[in-house]
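# Breakdown of the fold
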Amino acid sequence: MQEKLRWMANLTLGAVVLTGLILINAPANADNTAEATYKAKCAMCHGPDGKGETAAGKTMKVKDFSSEEVQKMSDADLTDAISKGKGKMPAYKTLTADQVKGLVAYIRSFAKKS
Ligand code: HEC
């Protein structure tokens, strides 16, 4: 009887650990999209639509990503601003080159929407 209880307890523990692992892994994969990264790390200043109409964005006078001023900047300029920082814009040193590339493409996509 005791043996069976212990067996059941182990089984339950195993299921809990497994569910936990699945839960931890699922959002991590979803977070890899440029859109998710942008919403998590950039939208608070640049706004979900890239227009920078957030409290922080207005205070720091961020430029509208859909504007010609930003869109005429080269990919290298945008990449540098993200990975090295620019003025009040924090540097995102932990982002991989691919993530930054994705973010640059995402910033470019704002131009087409307006
Ligand atoms: C704390 C607020 C803040 C956050 C968070 C932030 N930015 Fe910025 N960002 C700024 C400011 C302020 C500038 C303008 C810097 C300047 O021109 O002096 C800027 C400038 C830029 C520029 C250059 C274009 C320009 O207007 O000169 C790019 C590209 C950019 N940000 C992308 C991003 C991306 C991508 C993220 C997320 C990974 C991000 N930013 C997160 C505040 C922020």
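Below is a short write-up of the structure.

What counts, and where the lines are drawn
- Residues numbered from 1 in each chain as written.
- Predicted model: local features only at pLDDT ≥ 70, side-chain atom pairs only at ≥ 80, totals over all residues.
- Heavy atoms only, no water.
- Core = buried A, V, L, I, M, F, W, Y, C linked by side-chain atoms within 4.5 Å.
- Buried < 20%, exposed > 50% of the residue type's maximum accessible area, 1.4 Å probe, protein only.
- Helix = DSSP H or I, 4+ residues; strand = E, 2+ residues; numbered from the N terminus.
- Contact = heavy atoms within 4.5 Å.
- Patch = residues over 30% accessible without salt bridge, like charges linked within 9 Å, V, L, I, M, F, W, Y side chains within 5 Å.
- Areas by Shrake-Rupley, 256 points an atom, 1.4 Å probe, with all protein chains shown as cover.
- Salt bridge = Lys/Arg side-chain N within 4 Å of Asp/Glu carboxyl O.
- Near = heavy atom within 4 Å.
- Polar contact = N/O pair within 3.5 Å; in protein donor to acceptor, adjacent residues only side chain to side chain.
- 1 Å grid on protein atoms, 1.4 Å probe; cavity = no way out; pocket = protein on both sides within 12 Å on 5 of 7 lines; lining within 4 Å.
- Sits in = over half its atoms within 2 Å of the grid points.
- Nonpolar A, V, L, I, M, F, W, Y, C, P; charged D, E, K, R; others polar.

## Thoughts on the nonpolar core
One finds Tyr38, Phe65, Leu78, Ile82, Leu95, Leu103 and Ile107 to be the most contacted residues of the largest nonpolar core, which totals 16 residues. Mapped onto this core, the elements with two or more residues apiece are α6 (75–84) and α7 (97–113). Leaving out residues up to four positions away in the same chain, Leu103 has contacts with Ala34, Thr37, Tyr38, Cys42, Ile82 and Leu95.

## Points about a nonpolar patch on the surface
Together, Trp7, Met8 and Leu11 make up a nonpolar patch on the protein surface, roughly 360 Å² of accessible area in all. Inspection of the secondary structure assignment puts Trp7 in helix α1 (residues 2–30).

## A few points about the site of the ligand
Surveying the vicinity of the ligand reveals 22 residues, the closest of which are Cys42, Cys45, His46, Lys86 and Met89. The separation between a nitrogen atom of the ligand and a polar side-chain atom of His46 is 2.7 Å. The side chain of Lys63 places a nitrogen or oxygen atom 3.3 Å from an oxygen atom of the ligand. Counting atoms within 2 Å of the grid points, the majority share of the ligand lands in the largest pocket. Of the residues belonging to the shell around the ligand, the class tally is 16 nonpolar, 2 polar and 4 charged.

## Comments concerning the pattern of salt bridges
Pairing of side chains with opposite charge becomes possible as their charged atoms draw close. Tallying each qualifying case throughout the model produces 4 salt bridges. Across the salt bridge formed by Asp64 and Lys51, the nearest N and O atoms sit 3.9 Å from each other. With Asp64 in the loop between α4 (55–60) and α5 (68–71) and Lys51 in the loop between α3 (43–46) and α4, this residue pair connects regions lying 13 residues apart in the sequence. On the accessibility criterion, Lys51 (28% relative accessible area) is partly exposed. Where Lys84 meets Asp80, a salt bridge forms, and the shortest distance between an N and an O atom there is 3.5 Å. Here the residue Lys84 and the residue Asp80 both occupy positions in helix α6, the gap between them amounting to 4 residues, near one helical turn. Judged by its relative accessible area of 58%, Lys84 is exposed. You can call Asp80 partly exposed: its relative accessible area is 35%.

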